[in-house]
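# Understanding the architecture of this molecule
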Amino acid sequence: MSEAPSKILLCDDEPRLREMVAEYLTERGFEILEAANANEMSASLKRDAPDLVLLDINMPGQDGLSALREMRVYSSVPVIMLTAARDVVDRIVGLEMGADDYLGKPVDLRELEARIKAALRRQQAPASPPSRATGTVPFGQCRVDLSSARLFGPEGEEIPITAMEFDLLQLFLENKGRALSRDQILEGAHKRGWEPFDRSIDLRVSRLRRKIEVNPAKPQTIRTVRGIGYIFD
């Protein structure tokens, strides 16, 4: 019995772009859901449970960054932002708010397909190999369930995290007490190279600190090592 196709929710106010992307991805075995604005996207997220969202930043009404901020309150579905080619600030803000990746417009369809597949692989990764820890382990004031890739707060409440945030947590757990450079973190947890303006590791660590630290302004669990990177101590 063949697997059900991955469902991709495309939210963009340009009908021609939606038509082009939907046709291309459908031919490659994806199921495409379309939304013309943030309200339609929100409704589809709750109704259709897509596996990944393609989200345009510049839309009339509620923009993509605001929609992403609201989405991350209740959903950790992978999000690839579609941005104008030179909107570097928007890309950085999007990563900080919880986007998993970004792609500049005009969209290169082959690159888009590759980034979608990479994000889905991270989200649907198989169980950890035997050499990795399993079960529930402490992480500062929180606990991480390594088997289900879930994070729980000090009172037992679940804290939504993205697949890339879980990769980052797992990497720190595997290297407790060892200072990791940004290059090592990129290699071990994110599997993508630097770009000239890339601040994604700092942004993701900052966002993770807001979820796990008692006082994110004075982190005690993931500490900065000046001139090197970060350490889970």
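Parameters at a glance
- Every chain is numbered on its own, with residues counted from 1 as its sequence reads.
- Only residues with pLDDT of at least 70 get local features here, since the model is predicted, and only at 80 or more are side-chain atom pairs given and counted; chain-wide, interface and lining totals rely on the full set of residues.
- To get the side-chain values, take all heavy atoms of the structure and skip hydrogens and water.
- Strands were regarded as paired on the criterion that DSSP finds at least two bridges between them.
- Secondary structure counts use DSSP, requiring at least four H or I residues in a row for a helix and at least two E residues in a row for a strand, with both numbered from the N terminus.
- A score from 0 to 100, pLDDT tells how confident the predictor is in each residue.
- In this analysis, two residues are considered to be in contact whenever any of their non-hydrogen atoms come within 4.5 Å of each other.
- Each Phe, Tyr or Trp ring, with Trp reduced to its six-membered ring, pairs with another whose centre is within 6.5 Å; inter-plane angles below 30 degrees give stacked pairs, above 60 give edge-to-face pairs, and intermediate values give tilted ones.
- Relative accessible area decides the class of each residue, using a 1.4 Å probe on protein chains only: under 20% of the type maximum gives buried, over 50% gives exposed, and in between gives partly exposed.
- Either the NZ atom of lysine or the CZ atom of arginine qualifies as a charge over a ring when it sits within 6 Å of the ring centre and within 35 degrees of the ring normal.
- Simply put, an axis is a line fit to the C-alpha atoms, just over the touching stretch for a helix, and the angle between two N-to-C directions goes from 0 to 180 degrees.

Looking now at the pairing of strand β11 (residues 222-225). Of the strand pairs in this sheet, β11 and strand β12 (residues 229-232) are connected by four bridges, and their pairing is antiparallel. Its bridge partner being in β12, I222 is matched across the sheet by F232. Remark: three residues form the turn of the hairpin made by β11 and β12, two consecutive strands paired antiparallel; G227 in that turn has positive phi of roughly 80°.

This next bit is on the confidence of the model for the chain. Low pLDDT marks stretches whose predicted atomic positions should not be read closely. For the chain, mean pLDDT is 84; residues scoring 70 or higher make up 87% of the total. Throughout residues 126-132 the model reports pLDDT below 50, and contacts reaching past four residues in sequence, or to other chains, amount to four contacts. Counting contacts from residues 192-197, a segment whose pLDDT is below 50, to residues more than four positions away or on other chains yields 15 contacts.

Tallied over the entire structure, the rule returns one aromatic pair. With a centroid separation of 4.2 Å and 5° between ring planes, the pair formed by F139 and F232 is classed as stacked. Linking F139 in strand β6 (residues 136-139) with F232 in strand β12, this pair joins segments that are 93 residues apart in sequence. In this pair, the class of F139 matches that of F232, namely buried. Its end group placed over the ring of Y74, K46 keeps NZ or CZ at 5.0 Å from the ring centre.

Quick look at the sheet that holds strand β3 (residues 52-56) now. Backbone hydrogen bonds are what pair the strands of a sheet, in a parallel or an antiparallel way. Taken together, the five strands give an open sheet; going across it, the order is β2-β1-β3-β4-β5, and neighbouring strands pair in parallel fashion. A single partner strand is all that each edge strand has here, and the edge strands are β2 (31-35) and β5 (101-105). Within the sheet, the average angular offset between the axes of one strand and its neighbour, ignoring direction, is 20°. Taken together, the five bridges between strand β4 (residues 79-84) and β5 define a ladder with parallel strand orientation.

Another aspect to go through is the sheet that holds strand β10 (residues 180-181). On the basis of which strands lie adjacent, the open sheet formed by three strands has the order β10-β12-β11 and antiparallel pairing. Among the strands making up the open sheet, the edge pair consists of β10 and β11. Where β10 lies against β12, two bridges are found, and the strand directions are antiparallel. Of the residues in β12, the one forming a bridge with S181 is G229. Each of β10, β11 and β12 touches helix α6 (residues 163-174); the most contacted strand, β12, lies at about 70° to it.

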